[in-house]
Amino acid sequence: MTNYEMVELLRQKANVSYEEAKAALEAANWDLLDAIVLLEREGKVPENDARFSTKAENGEKDREREERQKKRDGAFKDGARTVGGIFRRMLNYGNRNFIVASRDGKEVISLPLTAFVLLLLIPPITLWLMLVLMIIGLFFGLRYSLRGDHPANEKVNEYIHKAEDAAERVKQDWQEKGQDASKE
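By convention here, each chain's residues receive numbers from 1 onward along its written sequence. Under the rules for a predicted model, residues below a pLDDT of 70 receive no local features and side-chain atom pairs below 80 are neither given nor counted, while totals for whole chains, interfaces and linings still include all residues. As a rule here, side-chain values come from all non-hydrogen atoms in the structure, and water together with hydrogens is ignored.

J.: Which parts of the structure should I look at to understand the overall build of the protein chain?
T.: Looking only at helices and strands, the protein chain features seven helices and three strands. Helix and strand assignments come from DSSP, with helices taken as H or I runs of at least 4 residues and strands as E runs of at least 2, each series counted from the N terminus. Moving toward the C terminus, one meets the helices and strands of the protein chain in the order α-α-α-α-β-β-α-α-β-α. For every residue, the accessible area obtained with a 1.4 Å probe (protein chains only) is divided by the maximum for its type, and the residue is called buried under 20%, exposed over 50%, and partly exposed between those limits. Counting over 184 residues, the protein chain shows a buried share of 22%. In what follows, residue pairs with any heavy atoms lying within 4.5 Å of each other are defined as contacts. Contacts in the protein chain between residues far apart in sequence, at least 24 positions, make up 41% of those at least 6 positions apart. Here the accessible surface of atoms and residues is derived via Shrake-Rupley with a 1.4 Å probe, and residues count as covered only by protein chains that are part of the display. When the accessible area of the protein chain is evaluated, it comes to approximately 13800 Å², of which 58% is carbon and sulfur surface.

Here it is as structure tokens:
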């Protein structure tokens, strides 16, 4: 930038005369920032009246673009925090609550829900295998329940006990049919 261009820029931005801008730049050894500070100290340019930028004249558009980007970044971060928070709560719930299998009132196995769900998700066949094994376990006297501090566990346990009762009725029906068949 030539000296003339610097004087013109300072004159326009600081709203001072050509002579004042040139004198300030000469006193500041042609350093634009030092010249601005000098004019402010002399009281010729109020601090809030000076408008300087290292960006092009479309600085307003740049600021708007930056603000929009910040909003988008903020929305993404908020979304990530929300998803992360949901995942963290689910993991916390899964680690504090257990699925318990017991037989004759004695605990056979206790598995955190997180581990149980991971076992169900690994290969797709595992889901069906686990369900079949759990149903077979019902016929061999295993009882299942959820243990933990979540209030919904009681409601889930009610449904589990209904399934256990249904399995017990089916088991008794088979036993009765087997006894009737052996009598004939």
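J.: Quick question: what am I supposed to make of the pattern of salt bridges here?
T.: Side-chain pairing between opposite charges can occur once the charged atoms of the two side chains come close. Here, a salt bridge means any Lys or Arg side-chain nitrogen found within 4 Å of an Asp or Glu carboxyl oxygen. Taken as a whole and assessed by the stated rule, the structure comprises eight salt bridges. We note a salt bridge from Arg-143 to Glu-168, for which the minimum N-O separation is 3.0 Å. Taken together, the positions of Arg-143 in strand β3 (residues 142–147) and Glu-168 in helix α7 (residues 152–183) put the pair 25 residues apart, joining distant regions of the chain. The exposure class of Arg-143 is partly exposed, given its relative accessible area of 25%. Beyond isolated ion pairs, a larger network of salt bridges with shared partners links Glu-20, Glu-42 and Lys-44.

J.: For this particular structure, what's the right way to read the environment of Glu-26?
T.: Position of Glu-26 among the secondary structure elements: in helix α2 (residues 18–27). Here Glu-26 falls in the partly exposed class, since its relative accessible area comes to 45%.

J.: So what exactly am I meant to see when it comes to helix α5 (residues 113–121) here?
T.: Within an α-helix, residues lying three or four positions from one another point in the same direction, as the helix has 3.6 residues per turn. Every buried residue of α5 is accounted for by Leu-113, Thr-114, Phe-116 and Leu-120. Taken down its axis, α5 places every buried residue within 165° of arc, on the same side. Taken from the helix axis, the directions to the C-beta atoms give the arc we talk about.

J.: Any chance you could explain the sheet that holds strand β1 (residues 98–103) here in plain terms?
T.: Strand pairing in a sheet takes place through backbone hydrogen bonds and is either antiparallel or parallel in direction. Note on pairing: DSSP must find at least two bridges between two strands before they are called paired. As summarised here, the arrangement of the three strands in space is β2-β1-β3, forming an open sheet in which the pairing is antiparallel. At either margin of the open sheet sits one strand with a lone partner, and together these are β2 (106–112) and β3. Averaged over all neighbouring strand pairs, the angle between strand axes comes to 25°, with direction disregarded. Pairing of β1 with β2, which is carried by six bridges, proceeds in the antiparallel orientation. What sits directly across from Val-100, in β2, is Ser-110. Fitted lines through C-alpha atoms serve as axes, helices being fitted only where they are in contact, and the angles separating the N-to-C directions of these axes extend from 0 to 180 degrees. Where α5 meets the sheet, it contacts β1, β2 and β3, and its direction lies at approximately 75° from that of β2.

J.: I would appreciate a short explanation of the environment of Leu-142 in the present structure.
T.: Inspection of the secondary structure puts Leu-142 in strand β3. Linking Leu-142 and Arg-103, residues 39 residues apart in sequence, is a C-alpha distance of 4.8 Å. With near-sequence residues (within four places) excluded, Leu-142 lies in contact with Ser-102, Arg-103, Val-108 and Gly-137.

J.: What's the story with the side chain of Asn-157 in this structure? I'm lost.
T.: One can find Asn-157 in helix α7. When sequence neighbours within four positions are dropped, the list of residues in contact with Asn-157 reads Ser-145 and Leu-146.

J.: How should the pairing of β1 be read in this particular structure?
T.: Across a regular strand the side chains alternate sides, sitting on one face of the sheet and then on the other. With antiparallel pairing between neighbouring strands as the criterion, β1 and β2 make up a hairpin whose turn holds two residues, including Asp-104 at a positive phi of roughly 55°. Where β1 and β3 come together, six bridges link them in antiparallel fashion. Pairing of Arg-103 across the sheet is with Leu-142, part of β3.

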